Amino acid sequence: MADQTTEIKDSGRIQFQDLESNAARHGFPLQRQTTDMSIRTMSSVRSRAVTIGAQVAVEYRAISVKLDSESQKEPELKQKSHADELADELKELQWHSLSLPEVYERLQTSSTTGLSSSKVPELLKTHGANIPTPPPSRLAHKIFMYFFGGFGSLLLIGGILVLIAYKPLGNPPAPANAALGIVLLIVFVIQAGFNAWQDYSSSKVMNSIMSMLPDTCLVLRDGQQTQISSTQLVPGDILFVRLGDKIAADLRMLEVSMDLKFDRSVLTGESKPSPATVDSTDNNYLETRCIALQGTHCVSGSGIGVVCDTGDGTVFGRLAKLSSRPKKGLTPLQREILRFVFVICGLVFIVVTLVIILWAAWLRRSYPQWINVPLLIVDCVSVAVAFIPEGLPIALATCLTITAHSMRKNNILCKSLATVETLGSVSLLCSDKTGTLTKNKMFVTDFCIGHVKHTVPHSGAPTAAMLELQAVAGLCNAGEFDATTLHLPLELQKIMGDATDQSILRFAQSMSPVAELREKWKRVYEVPFNSKNKFMLSLFEEISKQDDESGEYVLMMKGAPDILLPRCGSVLLPDGSQAALSTGWRDHLQKTQIQWAMEGKRVLLLASKRIPKSRFPSAPNTAEFADQINATSVAGDLRLTGLVGIVDPPRDEIPGVIATLRGAGLRVFMVTGDFRLTAQSIGRECGIVTVPPDQVEDFASLDRNYKMEGKPGAKYIRDDNFEGAIVLEGSELMTLNDAQWDQLAHYKEIVFARTTPEQKLRIVKEFQKRDEVVAMTGDGVNDAPSLKEADVGIALASGSDVAIEAADMVLMGSFEGIVGAVRSGRTVFDNLRKTIAYLLPAGTFSELWPILINVCFGLPQILSSFLMIVICCFTDCVAAMTLAYEKPEADTLTRKPRNNRTEHLVDAKLIFHAYFCIGVIECVCSMAMSFWYMQRQGLPFSALWLHYGNVDPKYSPEFVTKITNQGSSVYFVTLVVMQFFNLMATRTRRLSIFQQPPIGVKYSRNLYLFPAIVFAIVIVFVFCYIPFFQKLISSTPVDVEHWFLPAAFGLGLLLFDEGRKYMVRRWPNGFLGRIAW
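Residues numbered from 1 in each chain as written. Predicted model: local features only at pLDDT ≥ 70, side-chain atom pairs only at ≥ 80, totals over all residues. Heavy atoms only, no water.

**Q** So, the overall build of the protein: which residues are in play, and what are the values?
**A** A tally of regular secondary structure across the protein gives 37 helices and 31 strands. The burial tally for the protein puts 56% of its 1077 residues in the buried class. Pairs at least 24 apart in sequence give 76% of the contacts found in the protein among residues at least 6 apart. Surface accessibility of the protein: about 44,500 Å² in total, with carbon and sulfur atoms responsible for 58%. (Helix = DSSP H or I, 4+ residues; strand = E, 2+ residues; numbered from the N terminus. Buried < 20%, exposed > 50% of the residue type's maximum accessible area, 1.4 Å probe, protein only. Contact = heavy atoms within 4.5 Å. Areas by Shrake-Rupley, 256 points an atom, 1.4 Å probe, with all protein chains shown as cover.)

**Q** Quick one: what's the story with the confidence of the model for the protein, residue by residue and with numbers?
**A** Detailed reading of the predicted coordinates is not advisable wherever pLDDT is low. Summary statistics for the protein give a mean pLDDT of 82 and a share of 85% for residues scoring 70 or more. Overall, residues 1-52 carries pLDDT values under 50, and its contacts beyond four positions in sequence, including any with other chains, amount to 124 contacts. Here residues 200-211 is modelled with pLDDT under 50, and outside its nearest four sequence neighbours on either side it reaches 27 contacts, counting other chains as well. (pLDDT = per-residue confidence, 0-100.)

**Q** Would you mind going over a nonpolar patch on the surface in detail, with residue names and values included?
**A** Together, I157, I160, L161 and I164 line one region of the surface with nonpolar side chains, adding up to about 310 Å² of accessible area. With respect to the helices and strands, the residue I157 is situated in helix α8 (residues 152-166). Residue classification places I157 among the partly exposed residues on the basis of a relative accessible area of 48%. (Patch = residues over 30% accessible without salt bridge, like charges linked within 9 Å, V, L, I, M, F, W, Y side chains within 5 Å. Salt bridge = Lys/Arg side-chain N within 4 Å of Asp/Glu carboxyl O.)

**Q** Go over helix α23 (residues 654-663), please, and point to the residues and values.
**A** Residue pairs three or four apart in sequence face the same way in an α-helix, which turns once every 3.6 residues. All of the buried residues in α23 are I654, V657, I658, L661 and R662. Buried residues along α23 cover an arc of 130° about the axis, so they all sit on one side. Those residues of α23 that are buried lie in contact with β14 (428-432), β26 (667-671), α24 (676-686), β28 (749-753) and α30 (817-857). Positive phi shows up at G665, right after α23, with a value of about 90°. (Arc of directions from axis to C-beta.)

**Q** I'd love a proper account of helix α31 (residues 865-882), names of residues and values included.
**A** Here α31 spans 25 Å end to end across 18 residues, near enough to the 26 Å set by a 1.5 Å rise per residue. Where α31 bends most, the angle comes to about 45°, and this point is D876. The buried count for α31 comes to 15 of 18 residues, which makes it a mostly enclosed element. (Expected span 1.5 Å × (residues − 1). Bend = angle between axes of the 7 residues up to and from the residue.)

**Q** Which residues make up unusual backbone geometry, and what are the values?
**A** Residue P457 is bonded to the preceding V456 through a cis peptide linkage, with omega at 5°. Relative to the assigned elements, P457 resides in the loop between β16 (452-455) and α17 (464-475). For D771, which is not a glycine, the phi torsion comes out positive at approximately 65°. Positionally, D771 belongs in the loop between α27 (757-769) and β29 (774-778).

**Q** Tell me about the nonpolar core, and please be specific about residues and values.
**A** Counting residues in each nonpolar core, the largest one holds 154 residues, and the members touching the most others are L661, M809 and F972. With 19 residues, α30 is the largest single contributor of residues to this core. Of the residues that make up this core, three or more belong to each of domain 2 (384-406 + 822-1075) and domain 3 (412-438 + 651-705 + 719-812). Setting aside residues up to four positions removed in sequence, L661 forms contacts with L429, L666, V668, I818, V819 and V822. One finds I449, W521, L606 and I646 within the second-largest nonpolar core, a separate group that totals 32 residues. (Core = buried A, V, L, I, M, F, W, Y, C linked by side-chain atoms within 4.5 Å. Domains from an automatic or database assignment.)

**Q** Just give me the short version of the packing of helix α33 (residues 957-986) against helix α36 (residues 1041-1066), but keep the residues and values in it.
**A** Look at α33 against α36: their axes get within 8 Å of each other, and the N-to-C directions meet at 35°. The element α33 and its partner α36 pack so that their crossing is right-handed. Two secondary-structure elements touch here, α33 through V970, V973, T974, V977, M978, F981, N982, M984 and A985 and α36 through H1042, W1043, P1046, A1047, F1049, G1050, L1051, L1053, L1054, D1057 and K1061. Partitioning the contact of α33 with α36 into residue classes produces 14 nonpolar, 4 polar and 2 charged. (Axes fitted to C-alpha atoms, helices over the stretch in contact; angles between N-to-C directions. Left-handed = near helix turned anticlockwise from the far one by under 90°. Nonpolar A, V, L, I, M, F, W, Y, C, P; charged D, E, K, R; others polar.)

**Q** How would you explain the sheet that holds strand β4 (residues 216-221) if you had to name every residue and give the values?
**A** Spatially, β5-β4-β6-β12-β7-β10 is the arrangement adopted by the 6 strands of the open sheet, whose pairing is antiparallel. The sheet terminates laterally at β5 (224-229) and β10 (291-292), the two strands that pair on one side only. Pairing geometry for β4 and β5, over 6 bridges, is antiparallel. Bridge assignment links L220 to a residue of β5, and that residue is Q225. With respect to the sheet, helix α5 (residues 100-107) is in contact with β7 (250-256) and β12 (303-309), its orientation differing from that of β7 by roughly 135°. (Pairing = 2+ DSSP bridges.)

**Q** Give a description of the packing of aromatic side chains that names residues and reports values.
**A** Throughout the structure, instances matching the rule amount to 25 aromatic pairs. Between F669 and F767, the ring centres sit 5.6 Å apart and the planes meet at 55°, which makes this aromatic pair tilted. Of this pair, F669 sits in strand β26 while F767 sits in helix α27; the two residues are 98 residues apart in sequence, bridging distant segments of the chain. For F767, a relative accessible area of 0% gives the class buried. (Phe/Tyr/Trp six-rings, centres within 6.5 Å; stacked < 30°, edge-to-face > 60°.)

**Q** Pulling in residues and values, what's your account of the sheet that holds β28?
**A** What the 8 strands build is an open sheet, ordered β13-β31-β30-β29-β14-β26-β28-β27; its pairing is mixed. Each edge of the open sheet carries a strand with a single partner, namely β13 (412-414) and β27 (725-729). Taking the axes of each pair of neighbouring strands and ignoring which way they run, one obtains an average angle of 20° across the sheet.

**Q** Break down the pairing of strand β19 (residues 521-527) for me, citing the residues and quoting the values.
**A** Regular strands place side chains that alternate from one sheet face to the opposite one. The buried count for β19 comes to 6 of 7 residues, which makes it a mostly enclosed element. Sheet topology note: the β19/strand β20 (residues 535-542) ladder contains 6 bridges and is antiparallel. Along β20, the bridge assignment pairs V527 with L537.

**Q** Report on the pattern of salt bridges, specifying residues and quantitative values.
**A** Summed over all chains, the structure comprises 38 salt bridges. Note that D652 is salt-bridged to K439, the shortest N-O span being 3.5 Å. One end of the pair, D652, is in the loop between β25 (638-647) and α23; the other, K439, is in the loop between β14 and β15 (443-449), with 213 residues separating them in the sequence. For D652, a relative accessible area of 65% translates into the label exposed. For the salt bridge of D830 with R895, the shortest nitrogen-to-oxygen distance reads 2.5 Å. Residue D830 is found in helix α30, and its partner R895 is found in the loop between α31 and α32 (908-936); the two are separated by 65 residues along the sequence. Taking the relative accessible area as the measure of exposure, D830 reaches 7% and is therefore buried. What makes R895 partly exposed here is its relative accessible area of 22%. Connected through shared salt-bridge partners, D738, D742, R762, E766, K769 and R770 make up one network.

**Q** An account of the pairing of β4 is requested, with residue identities and associated values reported.
**A** When you tally the buried positions in β4, you get 5 out of 6 residues, the bulk of the element. The loop that links β4 with its antiparallel partner β5 comprises 2 residues; one of these, D222, has a positive phi angle of about 55°. Looking at chain direction, β4 and strand β6 (residues 238-241) are connected through 3 bridges and run antiparallel. When the sheet's bridge partners are listed, L218 is paired in β6 with F240.

**Q** Run through the side chain of S865, naming residues and quoting values.
**A** Turning to its location among the elements, S865 is positioned in helix α31. With a relative accessible area of 7%, S865 lands in the buried category.

This is the structure we're talking about:
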């Protein structure tokens, strides 16, 4: 009984009785104001708050949930997040629980005189001005990371060292070194620019906050009303609140008019005004009605409050500060890129160290003229240039942007580029039911009065009992008919309100006009339906008897049968009489509920009760009145008017979507507030539950002493072969221990029924603890905490602003868009791997070996460092960007989600393929072409091998340099041409080019490849055939035969990779299949 009383006290209360009080306290009249101004004020506030309201509301809802679930905290110690710390701070606030004398004492103020002006300067010095402290811009940190994040530091150091090698160390200075140094610095700046472009930051919070606070306010100081700047408010000020005022600080209400209400939408996201009280109505500081929060708006009535917190100490200030904090932690993609950077930097360090050791221990002594200090610096920088795929950041940013743009054209809006890739890793999707899996077009199909069941529409004239049911359905209802559609047939008339209220109101209208009914009754008090209480309560009085103090109120309730049935003491019979609600009647009604629930119907119970007004001596807007209503509603003497069965059919596409997601290795769970059997039935219709009904398990199947196989305390590993299904209710969920959660996480099919926002959040966290990548769908304000906590929060475009703000992704169309989102997420990861696999053979491996053979075998560096930059930043980079346009491969939605712990963007398989398959072929062919060309020009390979610069005197240094430069250009052209064919081969990981051709069929067409090839050819002509560049970087023209021979080698490379792919497809578990990237 006490729990039920608390439930109603915790609910929002709305008073409809317009009473006036002419009492003037402290010279300030408390009086009711006109409604028109309230509506205009709410609109203006909402329009000004649009930039900040939703974001702060997300934090508000998350913190409120944390406070409500404080008693259900996990026992283990863990590092607290900023939100957890803020929840702890708010839990310590006691202004709402203190009596007014205690408030005055703590703040050293008086309700009759206010603060003394002499105290204000000292308080301002202690508490500061009433303005939020702007967060640190972190501009310097951002700029630093733009330039030095990733490979930036290596490029900068390399550019500086090469310029030093040019001057002063160069003797004589080599212009090619100056050009290389300048190009490296240019690439360094370009990369920083792309990093800045890719940076996604929507935090303009503090700029919007200032517009949310009033300029001036009316306070009581030295016993006089004084108009002051809101920035000069201090704790202890007595503040007067009038209609239209924005609340300048957090207030403890001292006096309230009968109709004082605040619009809290900027914090809660809920548009319905919240009434104010003097006494506390909730232990949760954020939900109690005796605290007026900064940033909210007075939309009716007037009152007086004492300032208890200002500036950063207010709830609004704390939430805004939390909202503006930069997000900590890395997305899966950022972790993969960072891992790749570490791998490359490690390789650079190892090879550079080996080069320096070889030079210091051997070459410097044995061949002092071969490599001097400037050349050593250039060689070390060339190693870094060879290893670093300079085009990767540009290709990465382009790939993500292109994919996000493509998803937007398909009605999928990703708010962060990193979210695009995270979608491909999602292994678990928790979906809301109403409006997501179902059409959100509810209609009543059945109703039951006593033991008689009826179908809708009902034929014949309604009986007296039916009209009583119709009265409860029409009055205890937040829906309203749109007056502009009343001339249409009933099924086409538009109703404002949620889908449940719409269906009940339409049902009531089908029996008798609801407008006539509402003209006779006045709503006095209401507790709106919410997902925690699962009922709606309304109190009415007849308008014709509202002045009759000896008259009656009629209390009406509508909600879940399992919640309201215990509160009923009698039942309405079909003939209009009533009977005691015996055990037999309860069993009969519960059987009806179970029967309808198993048919997928949502069942609501309607009840009413007549109460003499004399039982409620308190005014309707007081906490005492609410307490009296609480006691009345749980007294167990309501009359059960009837049951109604509501159908909300699944969307037509849902079964196919669920089957597709399941084929892609995702588990899809349903999270709903519906009754267990209703949820299970809808889950079966949607394809979420597929096992026979008698095999669906429940809470009893979860063993509190469950232990996983292996050593005690072993890390959780899910059994993919387990096909179990289970249905749990929210109340059961909160009692599970870790062992039971481990066991639950094995189930393939789960339906969570009767869940609250706190329980949704718990579901997300528990599965994340078990290494699942969780996506959560939702559309309501209360879904915001779980959407924010999930790895990917998915909101519907039709959802609330708060849910959309909290989500990472917005579905502009139907639920079917999730399939496209998962496909795009996996495709972008595949395409990023393809990009790296394409860049590494030429941009790393084939550029590294000319340096190594120069140092180790005394051969000239057969590819100049400048041409290495040209390959990485021009010829390869543009081609790599075209891979972002590659279409998904056939197995994209038939393989399991990527395991973030074991499957990386760059792994040993990809390195092996890029370096030791494609890289070796390209490197050997390029070297062969280069040295063959040099031999044909009169400089044999034997004259250079192991000579370390001591060439036969018959080969003059000028001749050797000239032929080496020509050979370098041949190497360059060979590598560029072979990369054209590598580009075609890298388009697919397993499919043949004939299965996924780049031209022709639309599903695989990628026409951007060919302009990229033409661009690469143009770049070769620019750097090898224009005299200015020939002189600057010592390049030369290349004979036509050295264009066509590399094409033959490239064709061979393509055929080699086609053979490899065939064997991978033919024998996927064979050796090649196991090492395939």
